[in-house]
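What follows is each chain in one-letter form.
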Amino acid sequence: APGNLNSDGQNLLVYGKEFGNVFIGVQPSFGYEGDPMRLLFAKSASPHHGFAAYYTYLEKIFKADAVLHFGTHGSLEFMPGKQVGMSGTCYPDRLISSLPSAYLYAANNPSEATIAKRRSYSATVSYLTPPAENAGLYKGLKELKELISSYQGLRENEGRGPAIINSIISTAYTCNLDKDVDLPDMETYDALADTLENRDAIAGAVYSQIMQIESRLLPCGLHTVGVPPTAEEAIATLVNIAQLDRPEDDIEGLPRVIASSIGRDVNDVYRGNNNGVLEDVELNTRIVEASRAAVRALVQQSTGNDGRVKEVSSFFDDIGGAFGQLMGQKKPWTQAIIDAGFPAVSEERLAPLFAYLEFCLKQVVKDNELGGIMELLNGEFLMPAPGGDPIRNPEVLPTGRNMHALDPSAIPTGAAVEVAEDVVRKLLEKLKDENDGMYPESIAFTLWGTDNIKTYGESLAQVLALVGVRPVPDSLGRVNKVELIPLEQLGRPRVDVVVSCSGVFRDLFINQMNLMDRGIKLAAEADEPDDMNFVRKHAKEQAEELNVSLRDAAARVFSNSAGSYSANVGLAIENGGWEDESQLQDQFLTRKGFAFNADKPGMMEQQADLFKSALKTVDVTFQNLDSSEISITDVSHYYDSDPTKVVQGLRDDKKKPMALMADTTTANAQVRTLSETVRLDARTKLLNPKFYEGMLSTGYEGVREITKRLRNTMGWSATAGDVDNFVFEDANSVFIEDPAMQQRLLDTNPNAFRDMVTTFLEANGRGYWDTSEENIERLQELYAEVEDRIEGV
């Protein structure tokens with residue numbers, strides 16, 4: 001004691017500053033950077049002396065009346081102890097002691113907010129996630145869109161059409177789109193000798209790809225507490241709310257109403273768009289643009305000269321609206337859709353959706369975040385509200401209320417099961433196509449608490465669907481039973497699963513873990529042929545190998561030990577203190593190898609051998625991406641729990657499993673490979689001027705956010721090996737080769753810039769990025785320069 005964290009060797013240091021009767025302090029870190037070996041422990045270790053001193057100072061010396069934990073999230077609530085019902089020996093209880101705790105928490109993260117309530121006795125105040133906009137296009141991608149636009153006008157011109165296709169192919173190669181689109185060989189291909197049909201197919205495939213990038217939602221900058229979104233930001237949110245069908249409220253999505261006005265089903269348009277059918281890609285783009293124009297027309301009615309929404313003018317209960325109707329005038333949004341080229345759109349069918357969007361607009365721009373904080377600090381009652389994705393569930397708005405999750409016994413809901421079955425169908429179709437018509441035998445799944453709250457159990461329902469099991473709700477809608485779907489009805493083999501649950505999922509959804517375990521064991525014990533029931537096939541092999549009963553061998557639901565969270569892979573990569581990939585893989589297996597058993601509920605037993613034996617059979621690793629605010633390089637959680645290279649190391653043939661991601665962030669749900677998703681994320685965020693300029697405009701913290709995404713990208717190299725070389729190469733061009741950008745980063749946040757330079761050097765040193773000697777020398781010189789700047793030399 002006192003160790004070397006928050007200490008000068010003799011004294012314990014508390015970092016912060018007093019402003020009269022307010023103390024603003026920096027919560028100490030978890031403490032792993034002081035002792036990287038602690039990352040390997042199966043259970044989480046106790047807090048270091050500096051952490052304990054910090055809360056002791058607040059209570060005993062500063063004598064705080066209350067504590068406000070600011071932003072998502074700290075480490076107090078994740079300290080070791082029981083999952084719920086803290087006792088005096090649990091660290092969160094001992095640290096917060098008798099201090100009243102208010103916690104400002106992101107509205108889209110109800111699962112971890114629930115942990116903060118249960119384990120650190122906090123009352124939460126929700127805040128809006130950063131405003132989102134469409135990612136847009138830049139550089140070569142923008143040029144590609146212009147070329148495709150020219151081609152559409154001249155496609156039948158035998159001279160110009162083929163020449164433009166040759167330019168499209170060469171520009172697509174320059175933008176590295178050959179990784180995502182099957183492009184012909186540039187050396188040997190001549191568009192003039194090809195058919196019009198094939199030329200259309202090439203243009204359609206490239207167009208589909210760049211429109212996925214253009215329309216992806218992008219959090220721009222950071223949210224400032226107490227500042228509601230501008231009109232432009234509100235439009236981006238409402239366009240995404242308008243996309244979704246809401247059958248429970250009798251509301252049709254805007255794309256569906258627009259498509260049906262020309263006699264098309266929007267799902268067919270999506271299918272054609274995803275397959276690169278030029279006509280459908282163009283139609284989908286026009287539908288998207290008409291949707292944006294309609295929502296803009298709604299919001300502009302209430303926008304002031306300063307670009308902010310003041311009082312929301314209602315079109316549904318005012319006299320003006322009725323007068324306009326008498327005069328035969330179209331509503332502004334209907335007119336906008338007509339002007340966008342859909343003259344037959346039905347105003348009557350649009351009415352329920354736009355009444356709903358008007359209500360949502362009022363909620364989006366309401367501002368009670370600072371008010372909510374003050375209500376809590378004044379010891380007053382703060383109104384409760386659900387947490388989750390504001391696009392899927394606008395009842396999350398307005399923010400500034402005390403957040404709660406949902407009734408865990410009610411998931412998965414019927415709607416979630418329906419969406420899950422659709423995703424599973426797309427997933428298995430993709431896998432069959434890529435595997436000579438053969439189904440995968442086993443899929444490794446990662447389940448998250450927040451995702452299942454936002455989607456009402458979609459990913460949980462996907463696990464059950466793969467195994468061929470159906471959740472059965474009782475008369476009150478509680479889901480506590482499962483039944484086996486007969487093989488003849490299922491029409492395919494039962495696919496085995498290995499489920500890795502996050503620590504938060506384990507805390508919130510223990511009953512759903514019970515449901516999954518019972519469903520999987522039901523499948524394992526079904527008397528069916530091995531070639532139609534891979535769960536049974538593998539369980540029989542494991543029972544023999546490990547000398548256990550068939551039922552015990554069918555354990556497939558794993559997580560951390562009680563009171564522990566994460567595989568610590570993210571922490572190891574963030575701190576740089578890992579030797580090689582085998583260390584990361586051992587951490588994952590040690591920390592995640594606790595099995596749930598429905599026959600002994602409430603116990604998480606260490607079953608490392610069973611975990612390894614189950615993972616050894618995996619052909620595919622799979623995760624879900626359910627909301628646009630948090631993507632796979634925004635946080636370390638996704639790669640922290642990714643078992644791709646773990647499975648590769650365990651498999652007898654050492655073959656790397658296919659890594660896939662389901663993207664249900666829009667109405668057009670898609671299944672992509674992990675490398676496709678990483679490329680899409682890099683193009684829409686890290687390499688996108690709209691993203692990094694938005695971040696830089698927020699100053700110090702913005703540079704840290706950019707660096708964080710670079711390091712998380714490297715995390716995917718470490719756990720899955722699915723990051724293309726061009727991602728690091730292009731990031732180096734944007735942030736390091738440009739002297740002006742270099743200077744901006746250095747001046748704004750030298751520490752984060754040093755971390756960025758270190759990450760590039762580390763990516764090269766570990767073999768993830770192959771680049772020129774010149775680039776490496778520049779980075780080494782920069783590192784020395786930044787060190788001197790930080791040291792004040």
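(A) Just the nonpolar core, in detail. Leu-615 and Phe-735 are the most contacted members of the largest nonpolar core, which totals 98 residues. Formed by 65 residues, the second largest nonpolar core is a distinct cluster that contains Tyr-55, Met-79, Leu-460 and Val-463.

(B) Representation of the sheet that holds strand S3 (residues 67–70) in the model. In space, the 3 strands of this open sheet follow the order S3-S4-S5, with parallel pairing throughout. A strand with exactly one partner marks an edge of an open sheet, and here the two such strands are S3 and strand S5 (122–127). Strand-to-strand twist of the sheet, defined as the mean angle between neighbouring strand axes without regard to direction, takes the value 25°. Where S3 lies against strand S4 (residues 101–106), 4 bridges are found, and the strand directions are parallel. Within S4, the position partnered with Leu-68 by the bridge is Ala-102. Strands S3, S4 and S5 of the sheet are contacted by helix H14 (residues 369–377), whose axis makes an angle of about 170° with S5.

(C) Quick peek at the pattern of salt bridges. Taken as a whole and judged by the stated rule, the model has 47 salt bridges. Salt-bridge contacts for Glu-156 lead to Arg-155; the nearest nitrogen and oxygen are separated by 3.5 Å. Accessibility expressed as a relative area gives 59% for Glu-156, which makes it exposed. Among the salt bridges present, the one from Arg-672 reaches Asp-663, with a minimum N-O distance of 2.7 Å. Connected through shared salt-bridge partners, Asp-634, Lys-685, Glu-705, Lys-708 and Arg-709 make up one network.

(D) Up close: the pairing of strand S18 (residues 658–663). Taken across its 6 residues, S18 has 5 buried, putting it largely inside the fold. In the sheet, strand S17 (residues 620–625) pairs with S18 via 6 bridges, with the strands oriented parallel. Residue pairing across strands places Thr-621 opposite Ala-659, the latter belonging to S18. Across 4 bridges, S18 lies against strand S19 (residues 670–673) in antiparallel orientation. Across the sheet, the residue bridging to Met-661 is Arg-672, located in S19. Counting the residues in the hairpin turn of S18 and S19 gives 6 residues.

(E) Structural view of empty space enclosed by the protein. Counted by the stated rule, this structure contains 7 cavities of 30 Å³ or more. One number sums up the size of the largest cavity: a volume of about 560 Å³. The wall of the largest cavity is formed by 34 residues, among which Met-211, Ser-215, Arg-216, Gln-243 and Thr-666 lie closest to the centre. Among the elements of the structure, helix H6 (196–215), helix H7 (231–243), helix H9 (266–274), helix H10 (278–300), S19 and helix H28 (674–684) are those that each provide at least two residues to the lining of the largest cavity. Residue contributions to the lining of the largest cavity peak at 6 residues, all from H10. For the second largest cavity, the full set of lining residues is Val-569, Glu-581, Leu-584, Gln-585, Phe-588, Tyr-639, Asp-640, Asp-642, Lys-645, Val-646, Ala-718 and Thr-719. The element that contributes the greatest number of residues to the lining of the second largest cavity is helix H24 (residues 581–592), accounting for 4 residues. Of the residues assigned to the lining of the second largest cavity, the class counts are 6 nonpolar, 2 polar and 4 charged.

(F) Up close: a nonpolar patch on the surface. The grouping of Phe-19, Val-22 and Ile-24 at the surface amounts to a nonpolar patch, some 290 Å² of accessible area in total. Within the element layout of this structure, Ile-24 appears in strand S2 (residues 22–25). When its relative accessible area of 53% is taken as the criterion, Ile-24 is described as exposed.

(G) The arrangement of the sheet that holds strand S14 (residues 557–559) in detail. The sheet built from 8 strands is open, its strands ordered S16-S15-S14-S13-S10-S17-S18-S19 with mixed pairing. Among the strands making up the open sheet, the edge pair consists of strand S16 (604–606) and S19. Between one strand axis and the next, the sheet turns through 30° on average, direction left out of account. Pairing analysis gives 6 bridges linking strand S10 (residues 442–447) to strand S13 (residues 496–501), with the strands arranged parallel. Counted as the bridge partner of Leu-447 is Cys-501 from S13. Contacting S10, S13, S14, strand S15 (594–596) and S16, helix H20 (residues 510–524) runs over the sheet at an angle of about 145° to S14.

(H) Geometry of unusual backbone geometry. In this chain, Leu-397 is followed by Pro-398 through a cis amide linkage whose omega measures -5°. By secondary structure assignment, the location of Pro-398 is in the loop between strand S8 (384–386) and strand S9 (402–404). The omega torsion of the bond from Ile-411 to Pro-412 falls at 5°, within 30 degrees of zero and hence cis. Relative to the helices and strands, Pro-412 resides in the loop between S9 and helix H15 (414–433). Phi angles above zero are rare outside glycine, and Asn-6 is one such case at about 50°. For Asn-6, the position within the fold is in the segment before strand S1 (16–19). Backbone geometry places Tyr-121, a non-glycine residue, at a positive phi of 55°.

(I) Just the confidence of the model for the chain, in detail. For the chain, per-residue confidence averages 89 on the pLDDT scale, and 96% of positions sit at 70 or higher. The least confident element of the chain is helix H11 (residues 319–326), whose mean pLDDT is 51; the most confident is helix H31 (residues 725–737), at 96.

(J) Region of the structure containing a negative patch on the surface. Taken together, Glu-773, Glu-777, Glu-781, Glu-785, Asp-788 and Glu-791 make up a surface patch of like negative charges. Mapped onto the elements, Glu-791 comes out in helix H34 (residues 773–791). Given a relative accessible area of 58%, Glu-791 falls into the exposed group.

(K) Inspection of the packing of aromatic side chains at higher detail. Under the definition given, this model contains 16 aromatic pairs. Summarising the aromatic geometry, the rings of Trp-333 and Phe-354 are spaced 4.8 Å apart at their centres and angled 0° between planes, so their arrangement reads as stacked. Of this pair, Trp-333 sits in helix H12 (residues 332–339) while Phe-354 sits in helix H13 (residues 347–365), placing them 21 residues apart in sequence. Accessibility classification places Trp-333 together with Phe-354 in one group, the buried group.

Procedures and definitions
- Residues numbered from 1 in each chain as written.
- Predicted model: local features only at pLDDT ≥ 70, side-chain atom pairs only at ≥ 80, totals over all residues.
- Heavy atoms only, no water.
- Core = buried A, V, L, I, M, F, W, Y, C linked by side-chain atoms within 4.5 Å.
- Buried < 20%, exposed > 50% of the residue type's maximum accessible area, 1.4 Å probe, protein only.
- Pairing = 2+ DSSP bridges.
- Helix = DSSP H or I, 4+ residues; strand = E, 2+ residues; numbered from the N terminus.
- Axes fitted to C-alpha atoms, helices over the stretch in contact; angles between N-to-C directions.
- Contact = heavy atoms within 4.5 Å.
- Salt bridge = Lys/Arg side-chain N within 4 Å of Asp/Glu carboxyl O.
- 1 Å grid on protein atoms, 1.4 Å probe; cavity = no way out; pocket = protein on both sides within 12 Å on 5 of 7 lines; lining within 4 Å.
- Points joined across faces, edges and corners; volume = space filled by probe spheres on them.
- Nonpolar A, V, L, I, M, F, W, Y, C, P; charged D, E, K, R; others polar.
- Patch = residues over 30% accessible without salt bridge, like charges linked within 9 Å, V, L, I, M, F, W, Y side chains within 5 Å.
- Areas by Shrake-Rupley, 256 points an atom, 1.4 Å probe, with all protein chains shown as cover.
- pLDDT = per-residue confidence, 0-100.
- Lys, Arg positive; Asp, Glu negative; His and termini not counted.
- Charge placed at Lys NZ, Arg CZ, Asp CG, Glu CD.
- Phe/Tyr/Trp six-rings, centres within 6.5 Å; stacked < 30°, edge-to-face > 60°.

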